[in-house]
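What the coordinates show
Listed below, chain by chain, are the residues.
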Amino acid sequence: MTEDLLSLIKENVIQGRIAQDDEGFDEGLVGQPGASELTEKALTEGVNLEDIINKGLTEGMNIVGQKFETGEYYIPDMLASAETVGAAMEILEPHLAQSGIKSKGKILVATVKGDLHDIGKNIVSILLRGAGYTVKDLGNDIAPQTIVEAVREERPQFLGMSALLTSTMIHMNNTIEALTESGLRDKVKIIIGGAAVSEEFAQSIGANGYGADGFQAVKIMDALRNSMKG
Amino acid sequence: MARQGVLVEPYQRLKPEQVEQIHQASLAILSQPGILCFNRSAAEVFADHGAEVSPVPQPGADCWHLQIPEKIITDAVETAPKVVKLGARDENNCLILDGNEPRVRFASGSEANNWLEVDVDAFVSRRNPDIEVDVPTFRVEKGTVDRLAKAAHLCEHLDSWDSFLRTVNIQDDDITDDNKDVNKFFVALNNTTKHVMSGLTELSQLSNVVRMSHIIAGGEDRFRENPVISFITCVIKSPLQMVDDTTQTAIEVARRGIPLVISSSPQGGSTAPITEDGMVAQINAEILVGIALTQLVNKGAPVLYGSVPVRARMDNLYDSYGVPEFNQYNIDCVQMARYYRLPCYSTGGVSDIRVPGIQASVERLFSHILVTLAGPQYIHYAFGLLERTNTFCPVQAVLDDTHISMVKRFVRQPIVTADRISESLEQVRRVMGTSHKLYVRFVRSALRSGEIAPPYPFESKDTVDKTLLRARERMEEILSLPPSHMAEPVVDKVFQEVPGLLTRLRGS
Ligand code: B12
């Protein structure tokens, strides 16, 4: 019974279905419970949280990753699945704290001051959520001071900043300086991305990483996370 | 006189009833779900004119939900001028954009960060060291003031390039947000006598840029008759959100009655539906709401219907210009603009690949031909843009000029008249009476009048493709011509009265 439920969750991740109204790849799925409903059900039935995450969501996402690698899945498929995992994780989150299971970590993301480009940042957010991180999206056009305050309040392990304009990338630098001044710099690992910036720029402003795309973002976060453990 | 561009018999992709259906769909979108507006003045203006406006709680930003009634849109379409003049330093280079006339002009575009140089290198064959070939190699540089000047200089001498839209983002060390606008406009205006169009980085610089343009046009009144510059604003961030600062810019420019492009650039599949009808209904709604705003703040303010619909790529969700759908979306938008009789600022000629070559030529020629056939009054992005608008390459711009001249030649209307037919019949009879049976003798006058297309100017005679090398030579030739700088006293006056100009630009 539990096994059936877990494999249904997994299957819905693969099909990228958050809720019952969503379509998937196969015919006739609309109307049947999606990952959210199934996750709720698993919770009420007392299924082990770790199993939901590992055998349902993560296994599903791993298969999606393979399908993407082999070219069967495109980015929209990947995003739909990652979004599905994110939605399920949101349902699980309040329960995780009680049971002592931790998410992979919390990241604040923002597009910097003066910059409204957010498509890339949103993609990165979805993929990070799908990879098991807790993402708090501050939005776009976010001033350094606002980011500093959010870091102080939310105490994330990571901060992700995005900039697509050469005129706004400087605010990444400003934000890092403001964090340093507030004594918060060593509390967060900072990764940056967006068409305006580069690996060299990341190094020059003292960021901890640069992600050319959403997949790299996940890889870099995982690497930073491992280095923090060690 | 004005630059003539080319008059086309428009290719109609949408049937009249489909245009009407899309118009209705756009109105439906404007009423439900409506528009999210992050600019207070705009929200107030719309509220004053009968839109339903309610505040939306948003952390860190003021935001309103607008439901726009049909009347606001139909009134705006009514009062927006059907003919917009874009002036020029040399008034013979001005453009008269008439929404009723499918006459196409070509302009550059973007604010590319990269400038791609084409170098020539010699390579020796490993198999046979006697074989040595010259091959183009590519070098990515940053956009700078000097390079912007070079691009404007090229524009001045390339005949299909009707108007200069800033090509590269100037990233010199002495350029800041506060002096960028005056310097980019100055450099462009000082190197071409054609119309100059650009976005504004800082609203606070608007009055300085306008002051400069007045001086260059010969006074404020002359500027009204011959607006040597115009502005572009992306009022809308797709889907359906009015951005605070660009909306404010649009309001200020419209108030001053300076020609303004209201442009929107949704990506089918990410920030707009990927379906043709959904995409066009949404972008049309977005442009109409921007145009409505300009008309509410200043009835009769000159605006262009700026459509820049693109498609998202499915492998990385980047924007794509090379796919066929790009052309479908763009042609449909031209038809929508024509339905409103508004002059259309359309889009074509960009490639997804980073360097010139086969892919670049195929992708850009595809849209150069198809979008021209649709008959917009103005096509931007048409010169030199690669890597999805992130790179400008001057050698590519030289090629584009040639390709556009071929397209222009192709779209010219056929001449079939009784006189012509009888002349042709006469030719056929005469030639059939000769022993050689060749028509060559009858070509001569047409050859001299320019009626006949020349061969491809960059053709290679041997088995190595030297197109890029030839185009590069042509570019060097043009750049060695003296630039068309403004008269000394005008430059003096500009430097006296407009703050922020870099002194090193005096002679360039
Ligand atoms: C779409 C777009 C817009 C839309 C934005 C819509 C939106 N919701 O974001 C609109 C129309 C609003 C817009 C406005 C403007 N734009 Co614009 N825009 C673009 C465009 C065409 C595509 C950007 C995009 O979404 N790409 C797709 C996404 C998926 O890619 P991405 O953002 O790079 O993100 C990926 C990676 O970079 C990375 N990543 C991104 N963020 C992060 C963060 C982290 C932490 C990590 C690890 C990784 C990461 O992962 C992402 C996923 O793979 C680019 C050109 C281009 N081809 O890049 C111009 C471009 C960025 N815009 C440009 C300009 C000039 C403007 C305007 C100034 C135009 C104007 N005059 O009004 C305004 C500025 C508004 C503002 N204040 O920000 C220029 C910038 C040049 C410069 N000066 O630096 C560009 C390069 C176009 C050009 N060549 O002229 N724009």
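Residues numbered from 1 in each chain as written. Chains lettered and ligands numbered in written order. Predicted model: local features only at pLDDT ≥ 70, side-chain atom pairs only at ≥ 80, totals over all residues. Heavy atoms only, no water.

**Section: the overall build of chain A**
What counts here: Helix and strand assignments follow DSSP, with helices taken as H or I runs no shorter than four residues and strands as E runs no shorter than two, numbered in order from the N terminus. The size measure is the radius of gyration over C-alpha atoms, and the globule rule it meets is 2.2 Å times the number of residues to the 0.38 power. Buried means the residue's accessible area, taken with a 1.4 Å probe over protein chains only, is under 20% of the maximum for its type, while exposed means over 50%, and partly exposed covers the values in between. Any two residues whose heavy atoms approach within 4.5 Å at even a single point are treated as in contact. In short, Shrake-Rupley with a 1.4 Å probe defines the accessible areas, and a residue's cover is counted only from the protein chains shown.
When its secondary structure is counted, chain A shows nine helices and five strands. Taken from the N to the C terminus, the helices and strands of chain A come in the order α-α-α-α-β-α-β-α-β-α-β-α-β-α. Its C-alpha atoms give chain A a radius of gyration of 18 Å, near enough to 17 Å, the size a compact globule of 230 residues would have. Its C-alpha atoms give chain A principal-axis dimensions of about 55 × 40 × 30 Å. A burial count over chain A gives 47% of its 230 residues as buried. Pairs at least 24 apart in sequence give 69% of the contacts found in chain A among residues at least 6 apart. Summed over its atoms, the accessible surface of chain A is roughly 10,900 Å², and 49% of this surface lies on carbon and sulfur atoms.

**A look at the site of the ligand**
Filter applied, for reference: We call a residue near a molecule or strand whenever a single non-hydrogen atom of that residue lies within 4 Å of it. Pairing of N or O atoms within 3.5 Å defines a polar contact, subject to two protein rules: one partner must be a possible hydrogen donor and the other a possible acceptor, and residues neighboring in sequence count only if both atoms are side-chain atoms. Residues are grouped as follows: nonpolar covers Ala, Val, Leu, Ile, Met, Phe, Trp, Tyr, Cys and Pro; charged covers Asp, Glu, Lys and Arg; every other residue, Gly included, is treated as polar.
The environment of the ligand is formed by 42 residues, the closest being A:Leu116, A:His117, A:Asp118, B:Ser110 and B:Thr389. The residues that come close to the ligand belong to more than one chain, namely chains A and B. The contact in question runs from an oxygen atom of the ligand to an N or O atom on the backbone of A:Thr166, over 2.9 Å. When contributions to the shell around the ligand are tallied by element, the ones reaching two or more residues are helix H5 (119–130), strand E3 (158–162), strand E4 (189–193) and helix H9 (214–229) of chain A. Considering every element that reaches the shell around the ligand, the biggest residue donor is H5(A), with four residues. Tallied by class, the residues present in the shell around the ligand amount to 16 nonpolar, 18 polar and eight charged.

**A closer look at the interface of chain B and chain A**
As a reminder, the rule being used: The quantity reported as buried area is the accessible area (1.4 Å probe) lost by two parts once they are put together, taken as the sum for both. The rule for a salt bridge is simple: a side-chain nitrogen of Lys or Arg has to be within 4 Å of a carboxyl oxygen of Asp or Glu.
Listed by partner, the interface residues are 16 residues for chain B and 13 residues for chain A. Three residues stand out in chain B for area buried against chain A, namely B:Lys237, B:Met314 and B:Leu317, and they jointly supply 44% of the buried area on that side. One can count one salt bridge joining chain B with chain A. Of the charged contacts in the structure, one is a salt bridge between B:Lys237 and A:Asp118, with a shortest N-O distance of 2.9 Å. Summed over the shared surface of chain B and chain A, the number is four residue pairs in polar contact (both at pLDDT 80 or more). A class-by-class count of the residues in the side of chain B that touches chain A yields four nonpolar, seven polar and five charged.

**Overview of the packing of aromatic side chains**
All names here are of chain B. The condition that has to hold: Any Phe, Tyr or Trp ring, taking Trp's six-membered ring, that has another such ring centre within 6.5 Å forms a pair; planes under 30 degrees apart are called stacked, those over 60 apart edge-to-face, and the others tilted. Charge-over-ring placement is defined geometrically: NZ (Lys) or CZ (Arg) within 6 Å of the ring centre, and within 35 degrees of the ring normal.
Within the structure shown, the criterion is met by 14 aromatic pairs over all chains. With a centroid separation of 5.1 Å and 70° between ring planes, the pair formed by Tyr339 and Tyr340 is classed as edge-to-face. Taking relative accessible area as the criterion, Tyr339 reaches 33% and is therefore assigned partly exposed. Following the ring pairs from residue to residue traces out a cluster consisting of Trp161, Phe164 and Phe383. One Lys or Arg, Arg388, reaches over the ring of Tyr318 and ends 4.1 Å from the middle of that ring.

**So, the domain arrangement of chain B**
Interface size, as often reported, equals the accessible area lost upon joining of the parts. Counted only if it meets this: An automatic or database domain assignment provides the domain bounds reported here.
Under the domain assignment used here, chain B contains domain 1 (6–12 + 81–115 + 142–411) and domain 2 (424–449). On a C-alpha basis, the centroid separation for the pair domain 1 of chain B and domain 2 of chain B is 45 Å.

**What about the packing of helix H6 (residues 206–217) of chain B against helix H8 (residues 244–256) of chain B?**
The relative placement of two packed helices is expressed as an angle between their axes plus a distance between the axes. Residues and elements named next belong to chain B. We apply this condition: Interaxial angles span 0 to 180 degrees and are taken between N-to-C directions of axes, which are lines fitted to C-alpha atoms, for helices over the stretch in contact. Handedness of a crossing is defined here by the sense of rotation of the near helix relative to the far one, left-handed for an anticlockwise turn of less than a right angle and right-handed for a clockwise turn.
It is at 12 Å that the axes of H6 and H8 come closest, and there the two elements cross at 30°. Note that H6 runs across H8; the crossing there is right-handed. The segment H6 lies against H8, with Leu206, Ser207 and Val210 engaging Glu252, Val253 and Arg256. Among the residues forming the contact of H6 with H8, the class breakdown is three nonpolar, one polar and two charged.

**Let's talk about the nonpolar core**
Quick note on the threshold: The definition of a nonpolar core used throughout is a set of buried Ala, Val, Leu, Ile, Met, Phe, Trp, Tyr and Cys residues joined through side-chain atoms within 4.5 Å.
With 143 residues, the main nonpolar core has B:Phe46, B:Phe231, B:Met242 and B:Tyr305 as its most contacted residues. In terms of residue count, helix H9 (residues 276–297) of chain B provides more of this core than any other element does, eleven residues in total. If we ignore the near neighbours within four places in the chain, the residues touching B:Met242 are B:Ile35, B:Leu36, B:Cys37, B:Phe38, B:Asn39, B:Ala42, B:Phe46, B:Leu66, B:Val235, B:Ile236, B:Thr247 and B:Leu293. Of all hydrophobic cores here, the second largest spans 45 residues; its members include A:Val13, A:Leu79, A:Val85 and A:Ile220.

**Quick look at the coordination of the cobalt atom of the ligand**
The following threshold applies: Each metal site is built from N, O and S donor atoms within 2.8 Å (3.2 Å for Na, K and Ca), and since water is not included, such sites may look incomplete.
Protein coordination of the cobalt atom of the ligand is limited to a single donor, A:His117 (NE2), positioned at 2.3 Å. Along the chain, A:His117 falls in the loop between strand E1 (106–112) and H5.

**Quick notes on helix H5 (residues 177–189) of chain B**
Residues and elements named next belong to chain B. Note the following rule: Expected helix span is computed as 1.5 Å times (number of residues minus one).
For H5, built from 13 residues, the straight-helix expectation of 18 Å at 1.5 Å per residue is met to within 8% by its first-to-last C-alpha distance of 19 Å. Of the residues making up H5, those classed as buried are Asn179, Lys180, Asp181, Val182, Asn183, Lys184, Phe185, Phe186, Val187, Ala188 and Leu189. Residues of H5 that are buried in the fold lie against helix H4 (145–157), strand E10 (161–165), strand E11 (195–199), H6, strand E12 (229–233) and helix H16 (488–497).

**Brief notes about the packing of helix H10 (residues 324–340) of chain B against helix H11 (residues 358–374) of chain B**
Residues and elements named next belong to chain B. Put simply, the rule reads: Between 65 and 115 degrees an angle is taken as roughly perpendicular, under 35 as roughly parallel, over 145 as roughly antiparallel, and anywhere else as oblique.
Relative orientation of the contacting elements H10 and H11 amounts to 20°, with a least axis distance of 9 Å. One way to sum up the angle between H10 and H11 is to call them roughly parallel. Relative to H11, the crossing made by H10 is right-handed. Judged by residue contacts, Pro324, Phe326, Asn327, Asn330, Ile331, Val334 and Arg338 of H10 engage Phe366, Ser367, Leu370, Val371 and Ala374 from H11. Split by residue class, the contact of H10 with H11 holds eight nonpolar, three polar and one charged.

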